[in-house]
Amino acid sequence: MNAALWTAQALLAAVFLVSGTLKSRWPKERLIASGQTGVAPFPLAVIRTTAVCELLAVAGLILPWATGIAPVLTPVAAVGLSVVMAGALISHGSLLRADRAAGRGSAEAKNVAANLVILVLCVFVAAGRF
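These figures come from a predicted structure and were not determined experimentally.

A. Just the pattern of salt bridges, in detail. Enumeration according to the criterion identifies two salt bridges in this entry. Salt-bridge contacts for D99 lead to R104; the nearest nitrogen and oxygen are separated by 2.9 Å.

B. How the structure looks around the packing of aromatic side chains. Within the structure shown, the criterion is met by zero aromatic pairs. Over the ring of W26 we find R30; its NZ or CZ atom is 3.9 Å from the centre of that ring.

C. Molecular detail of the environment of S94. Its location among the elements puts S94 in helix α4 (residues 73-101). Since its relative accessible area comes to 33%, S94 is described here as partly exposed. Separated by 56 residues in sequence, S94 and G38 place their C-alpha atoms 9.2 Å apart. Of the polar contacts made by the side chain of S94, one reaches the backbone oxygen of S91; its length is 2.8 Å.

What counts and how
- Residues numbered from 1 in each chain as written.
- Predicted model: local features only at pLDDT ≥ 70, side-chain atom pairs only at ≥ 80, totals over all residues.
- Heavy atoms only, no water.
- Salt bridge = Lys/Arg side-chain N within 4 Å of Asp/Glu carboxyl O.
- Phe/Tyr/Trp six-rings, centres within 6.5 Å; stacked < 30°, edge-to-face > 60°.
- Lys NZ or Arg CZ within 6 Å of the ring centre and 35° of its normal.
- Helix = DSSP H or I, 4+ residues; strand = E, 2+ residues; numbered from the N terminus.
- Buried < 20%, exposed > 50% of the residue type's maximum accessible area, 1.4 Å probe, protein only.
- Polar contact = N/O pair within 3.5 Å; in protein donor to acceptor, adjacent residues only side chain to side chain.

See below:
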């Protein structure tokens, strides 16, 4: 179980390191063009704040549990990322519904599925480390 939790933590850290780095540096239009369409309805300040939270959570996923210093911060980081992913699911889900209502094809179904997998991993780490 410990190996599975560490694997999930490492995967989540990698995903959110990339996501947070891109959101902190790229303009909104470039994020959307790269497939991070869930940022579309949000102002840049919200996107940048989310990026900072994601990057802090990356450290929280790994360092506290690895060092034994305040290990409760690892599941807390996973819970925080669960909240971020719930928001991403809502954002991508609304874009998917809008596309379907307009009769357009959409890549949002893949984004929703990816968000759901990441959310499940976040919950797994949170539950396993609490």
